[in-house]
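# Observations on the model geometry
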Amino acid sequence: FSSMPSEKKVNSAADCLAFMQGGCELKKVRPNSRIYCRFYTLEADLSCLRWEPSKKDGDRARLDVVSIREVRTGKSTETFLHNGPLCEQLAEEAAFSVIHGEDYQSLDLVALSADVANIWVTGLRYLLGSKMRSEWLATEFARVDEDGYGIVSEDVAVTTIVKLCPGIKEAKVRLRFKEIQRSKEKLTSHVTREEFQEAYCELCTRPDVYFLMVQLAKDRECLDPQDLRLFLETEQGLSLATTEGCLELLRRYEPSAQGKERGLLGLDGFARYLQSPECQLLDPEHEGVCQDMNMPLSHYYISTSYRSYLLDDQVHGRADLGGLIKALQSGCRCLELGVTDGPEGEPLLGHYHHHAPVTIRSALEVVNKYAFLTSRYPLLVYLCQRCSLAQQRTMAQHLKKVLGSRLYTPESLPVSLGGRATTLPSPEQLKGRVLIVGKKLPPDHEGSDGEVKLRLHKELSDLVAIARIDSRHFYAQRTPYWTLCSLGEGEAGRLTTESPEDLVMFTKRTLTRVRPSSVRLDSSNPNPQGYWKGGVQLVALNQQTPGAMLDLHRGRFSQNGGCGYVLRPAVMRDEVSYFSAHTHGCVPGVPPQTLRIKVISAHNLPKPQGSGAKGEVIDPYVVLELHGVPADCAEQRTRTALQNQDDPLFDETFEFQVNMPELALLRFVVLDDDYIGDDFIGQFSVAFECLQSGYRNVPLLGLMGEPLPHASLFLHVAVTNRRGGGKVHRRGLSVRRGSRRGREYVTLRNTGIKAVDEIFKLASAPLKEVMDLREEAQVNFKEQCGLPTVAKLKQCIQSLATRLQSPEGTMGATMVLKDGYPCLEALVSVSEPTRKLLSAYDTLILDCKPYNLIACVTVYFVGMEFHEDLSRLAEKEGMKGCKLSKAVESFTWNVTVLKGQSDLLRGAKMDSLDALRQVALACEASGLTHPPSNNSAATFSAAELHYTSHNFSGRRSSTHSNGRI
């Protein structure tokens, strides 16, 4: 509880019980409107509550824990509700009631603060819920207690706890048993059942999960299927969760037989669920290929390695086939093979070394063996050869013999209009094929003279599917499709800085590759994000060199099942679109997003490598890095968890503005704070598009990308202005963010061409309305309900239903369908606040009605008709040179904005239909659909929601999926 003084911090259930054993003053509220101040304590053996002073004798001034039925928060009992003005002065958040006895009597109490009330509620619920856990631990202990004497050896007890709680360090468990033995002055190391349970509960209870469960559970320390379903819907964004699915999930993760039998998920089962793959930060949909793989190759980022076969440096390093194997196993789809002349007429991979030289044939055999084990999509082999004509011919023969039918040769290419294809084929069309990228003899240099002049053998040239070109072609009007432009790191950096828009346009039809600078003798890597945002498809990295750059590479290509191909953003694929890699504000046609991340805790953190001399304690902190366009790049960090060893609590919230979600990457780095130099502990990188909202675990990876056993972060993630759930808690003082920016509106530009500008003017007015629409449709209703703007509609309806319910349990309003829309009709007179809430509900329903797409979409298509005729219209206006270029740029800007807003409106329409469905189902679940009388006109079934003319099911129509209106 963050507001507690530092010396009284409460971080666990044990802290709560210790506080209660020390005792404190609570106000006792009696049914006769009298309030008494009493000092309450919990017995040392946790068996009962006692209070003083009291007129009763000591044995009667007590309440046995076993008699407690439930613990309620707030002023919810008859005593509170019917004590009038007296109870109205008592703070709701500091009040709680203990229901006890066979006749369910209530002990109604008010603490001095909400924090103290939380401690008592948490501690008492822990005592109630621990029964199921104790029985489970007793069962597990009995399984290893072979003699049945109630004691086991220390080794057996340690092994059992490590088995029940994977990830906990054996030394930590053994140390705790030693402490118990010393405290009891035991002469033997044998462990009793009580000591086993004590050690397990102290070491294996996660306070972050415990306090989350206390918030979710009604009145006990476990979740029933309804609690779990509400959690999945409102926090995890699973709007289609069912009670049956929750029961199945409960049976899968609950370890106790009693919990499974009663349909309850205890603390250990809940912790196991939150740590499972189902709750990982990376959306499981992205673990397989989930993108359209039928577009031209130039529309994809392609995982590319650079001389990964070299062990030491880029220039003189010794070749090793292990590097090629690792690159292919990691999903790399473009390999560079540097080939030189070798002895005995056999070409070599890399430079000749006296110790174990590697032939190109053995390298090709490795490529053939591992090429398609990780990914079935095409492999590009980038040949960088400096061989004599004779050895080139030998290499060509090896290529044909080793790769066989997998080799994709020009003869097998699809043709159009009697020549080479006018567009590149798709990854789907090229599945299982190997394409050679290299120098190719031009038509006017065929024959032996051309071979000698260009030092390129025709037999090898004929196997090249994609011809390599240099940067001189960047400035050409058109380049052939079957080419790959190779740029140096410095040259590509200059283009992304000086001509970012031109570079994006160039990459729409031409594959472009960037290689690390030759001065990187240590095989270090450039930042690939700097080139991806410029549209470059192939950013070659030294896959054998670990570090932040390779982490970002893994994060980028994990978003499509690790297949080595990731679809580039739409603005980099559309023929008419505008995008600059150096945008510092809103991107035209792309709605910005707000990302909020609460770093709650870390678990099972290992010591940094090579830190053996630093002792057992680490001082970890977490760095959050956002990589993307310049407007998105940001870095924030948590405080250092001093002396907190391997399970630190952070509980800090951070906020990021994301203007180009499709390019954004999020990287978590855990470091050990040290005055000499912060040591690396673990990291994880993920594409923004792959984030799951809600409570998520982040499995940490080591320096080489290997999983760190059981090491993880625990987060809460929320993304606004995007589909999906995840409630954001109100920001506290721990939120770190810059000054609040006003909303930025993307406006249309003036091209200077009268006929074109007249058309674009028709859409200028609706644009601001469109952008306001995406944020304001539900805000007012949620605020009236007293909930944050990112709360789920189901939560809002539950809040509304509570206000409409009379003390007798009847509803003051009912839901009826009017023209297919769920409307609420008041049945009785309501208070002014409730009337405003119902009015906000009516406004919400109006805002959810299908939006008018005509204005933006019509202007978009009419504007596109001007595209082919744009140069002629500009010349008619007397435009030349820079003015003409500026007019074309403004035109593409406007088209990009209109297309983005049209897509946004389509998405808003689908969100609205989904919102209506949520509202209707929530009304039904909250009891607002019961008819006020036998009037059949007011009755309906939930099935009607799916068959109205407005398609409430929220399914996307075919016209939306293929992009047509």
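What counts and what doesn't
Sequence positions are assigned chain by chain, starting from 1 and proceeding in written order. Whole-chain, interface and lining totals are the exception, using all residues; otherwise, since this is a predicted model, local features are given only for residues with pLDDT of at least 70 and side-chain atom pairs are given and counted only at 80 or more. The side-chain figures draw on all heavy atoms in the structure; neither hydrogens nor water molecules are used. UniProt positions are given in the numbering used here, feature names are shortened, and annotations may be inferred rather than shown by experiment. Helix and strand definitions follow DSSP, with helices as H or I runs of at least four residues and strands as E runs of at least two, each counted in order from the N terminus. Burial classes: relative accessible area under 20% of the type maximum marks a residue as buried, over 50% as exposed, and values in between as partly exposed (1.4 Å probe, protein chains only). The sign given to each residue is positive for Lys and Arg and negative for Asp and Glu; His and the chain ends receive no count. Any Lys or Arg side-chain nitrogen located within 4 Å of an Asp or Glu carboxyl oxygen qualifies as a salt bridge. Contacts are residue-level and defined by heavy atoms, with any inter-residue pair within 4.5 Å sufficient. Note on ring pairs: Phe, Tyr and Trp rings are taken, using the six-membered ring of Trp, and paired if centres are within 6.5 Å. Classes follow the plane angle, with under 30 degrees stacked, over 60 edge-to-face and the rest tilted. Counted as over-ring charges are cases with an Arg CZ or a Lys NZ within 6 Å of the ring centre that also lie within 35 degrees of the ring normal. Where helices are involved, their axes are fitted lines through C-alpha atoms of the stretch in contact, as for all axes, and angles between N-to-C directions lie from 0 to 180°. Roughly parallel here means an angle under 35 degrees, roughly antiparallel means over 145, roughly perpendicular means 65 to 115, and every remaining angle is called oblique. Basically, the charged four are Asp, Glu, Lys and Arg, the nonpolar ten are Ala, Val, Leu, Ile, Met, Phe, Trp, Tyr, Cys and Pro, and anything else, Gly included, counts as polar. Paired strands, as defined in this entry, are two strands with at least two bridges between them according to DSSP.

The protein chain goes by Phosphoinositide phospholipase C in an unreviewed UniProt entry, where it is assigned to Hippocampus comes. The Subcellular location (unreviewed entry) field of the UniProt record for the protein chain holds the comment "Cytoplasm". Quoted verbatim from the Catalytic activity (unreviewed entry) field of the UniProt record, the comment on the protein chain reads "a 1,2-diacyl-sn-glycero-3-phospho-(1D-myo-inositol-4,5-bisphosphate) + H2O = 1D-myo-inositol 1,4,5-trisphosphate + a 1,2-diacyl-sn-glycerol + H(+)".

Bringing the side chain of D145 into the picture now. Inspection of the secondary structure assignment puts D145 in the loop between α4 (114-144) and β8 (151-152). Although buried, D145 forms no salt bridge, and the nearest oppositely charged side chain, R193, lies 8.2 Å from it. Residues in contact with D145, not counting those within four places in the same chain, are G150, I151 and V152.

It is worth spelling out the packing of aromatic side chains at this point. Applying the stated rule across the entire model yields 12 aromatic pairs. With a centroid separation of 5.6 Å and an interplanar angle of 75°, the aromatic rings of Y210 and F211 are classed as edge-to-face. F211 sits in the buried class, given a relative accessible area of 18%. An aromatic cluster of three or more residues is present, and its members are F231, F270, Y695 and F714. A cation over a ring is seen here: R206 above F714, with NZ or CZ 5.0 Å from the ring centre. The lysine or arginine in question, R637, covers the ring of Y621, its NZ or CZ lying 3.7 Å from the ring centre.

Here the focus is the packing of helix α9 (residues 225-234) against helix α10 (residues 243-253). Two numbers describe how α9 lies on α10: the axes approach to 9 Å, and their chain directions differ by 105°. Between α9 and α10, the interaxial angle falls into the category roughly perpendicular. Together, P225, Q226, L228, R229 and L232 of α9 and T243, C246, L247 and L249 of α10 make up the contact between the two elements. Each residue belonging to the contact of α9 with α10 can be placed in one class, and the counts come to six nonpolar, two polar and one charged.

What follows concerns the sheet that holds strand β1 (residues 24-29). Across the sheet, which stays open at both edges, the seven strands sit in the order β4-β3-β2-β1-β7-β6-β5 with antiparallel pairing between neighbours. The sheet is open, and its two borders are formed by β4 (62-64) and β5 (68-73), each paired with just one other strand. This sheet shows a mean twist of 30° between the axes of neighbouring strands, independent of strand direction. In this structure, β5 lies alongside strand β6 (residues 95-100), joined through five bridges in antiparallel fashion. Bridge pairing links V71 to V98 in β6. Contacts from helix α1 (residues 13-22) reach β1 and β2 (35-42) within the one sheet, and its direction differs from that of β2 by about 120°.

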